[in-house]
Amino acid sequence: MTQPSPAQKPVAKSLYGGSGSRRITVRDIAAAKERGEKWPMLTAYDAMTASVFDEAGIPVLLVGDSMGNCHLGYESTVPVTMDEITLLSAAVVRGTKRALVVGDLPFGSYQEGPVQALRNATRLVKEAGVGAVKLEGGERSADQVELLVSSGIPVMAHVGLTPQSVHAYGGYPVQGRGEEAAQQLLRDAKAVQDAGAFSVVLEAVPAELAAEVTRSLYIPTVGIGAGPDCDAQVLVWTDMAGMTAGRVPKFVKQYLDLRAQLGGAAKAFAEDVVGGAFPAEEHTFH
């Protein structure tokens, strides 16, 4: 009996915690929607952290332009470049074996139109090895989504609060409040679905509206500050792990106080060095 080709192999039985010798694909994401499975997504920006999340069973890792705020020291996502996204996306791909790695298209890399979007998305696929790309915008980005998908590049869309538009918003306000705004958000989500996106991020959206959007779409919704009814949930890993200093958004749940633990470890190391306790005999060559 001949073995099925890779394209014919059955999809994963579960996304989170599942096992297998191949990467998660967009077909697996679609199958999870059909069976009603909820799944987690985290951001990652380096090989070592990505390997931890991959081993933990996280099925989708986003190399987000959130790296601007939490990894590169920028005040927003706007300054992030294609070079930076490509470099860090390649590192995440190298650090993982199973997760679907999604590379973000940063501000200025697709707004000119579909051809620019295709050029930069192709770079992420070819140079970094990502399995999909993400871009912001609903109706205004539908043409870009359509060309990328028709060219063989899976697209995760992003509507609601789109951080690359921080200067236009004047901050990071909740989106979709009021009947007109809610209807526009629903149109945006349907537009990217119709253009071929395999999933759509809903950010900072009232829970009731996010639930309506999720019911209205056949592609999965990925919530971040969009309530419990989305098909998946994503957090920036430095927020999730308590690495972020100062105030974090309302929608963040911190599962660890990594900043305090890492700072404590650094202080303990410093005190051992100053006091002469490190290196001890067991750390010394002769």
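In the block above lies the structure referred to throughout.
Here the structure is a predicted model, which is why all the values come from computation and not from measurement.

1. Remarks on the pattern of salt bridges
- Overall, the coordinates contain six salt bridges when judged by the stated rule.
- A salt bridge links Asp231 to Lys33; the nearest nitrogen and oxygen atoms lie 2.8 Å apart. Of this pair, Asp231 sits in the loop between strand E7 (221–224) and strand E8 (232–235) while Lys33 sits in helix H1 (residues 26–35), placing them 198 residues apart in sequence.
- Salt-bridge contacts for Glu127 lead to Arg123; the nearest nitrogen and oxygen are separated by 3.2 Å.

2. What about the nonpolar core?
- Grouped together as the largest cluster of nonpolar side chains are 59 residues, with contacts concentrated most on Leu61, Leu105, Val133, Leu148 and Leu202.
- Counting residues per element, this core draws most heavily on helix H8 (residues 179–195), at seven residues.
- If sequence neighbours within four positions are ignored, Leu148 has contacts with Leu105, Ala117, Leu118, Ala121, Val133, Leu135, Ile153 and Val155.

3. Description of the pairing of strand E4 (residues 132–136)
- In terms of residue burial, E4 counts as a mostly covered element, since five of its five residues are buried.
- Both faces of E4 are covered, namely the face carrying Ala132, Lys134 and Glu136 and the face carrying Val133 and Leu135.
- Inspection of the sheet shows strand E3 (residues 100–104) paired to E4 by three bridges, in the parallel sense. For Val102, the partnering residue across the bridge sits in E4 and is Ala132.
- Read from E3 through helix H5 (residues 114–128) to E4, the crossover connection turns out right-handed.
- Bridging between E4 and strand E5 (residues 155–160) involves four bridges; their strand directions are parallel. Each residue of the ladder has a partner; that of Glu136, found in E5, is His158.
- Between the parallel elements E4 and E5, the chain passes through helix H6 (residues 142–150) in a crossover that is right-handed.

4. Quick word on unusual backbone geometry
- For the peptide bond that leads from Phe278 to Pro279, omega is 0 degrees, which places it in the cis range.
- Following the sequence through the fold, Pro279 ends up in the segment after helix H11 (258–275).
- Notably, Ala204 is not glycine yet its phi reads approximately 50 degrees, a positive angle.
- The residue Ala204 is located in the loop between strand E6 (199–203) and helix H9 (207–216) in this model.
- Residue Ala204 is classed as buried on the basis of its relative accessible area, which comes to 9%.

Cut-offs and rules
- Residues numbered from 1 in each chain as written.
- Predicted model: local features only at pLDDT ≥ 70, side-chain atom pairs only at ≥ 80, totals over all residues.
- Heavy atoms only, no water.
- Salt bridge = Lys/Arg side-chain N within 4 Å of Asp/Glu carboxyl O.
- Helix = DSSP H or I, 4+ residues; strand = E, 2+ residues; numbered from the N terminus.
- Core = buried A, V, L, I, M, F, W, Y, C linked by side-chain atoms within 4.5 Å.
- Buried < 20%, exposed > 50% of the residue type's maximum accessible area, 1.4 Å probe, protein only.
- Contact = heavy atoms within 4.5 Å.
- Pairing = 2+ DSSP bridges.
- Right-handed = clockwise from strand over helix to strand, strands pointing away.

Just geometry here; none of it tells us what the structure is for.
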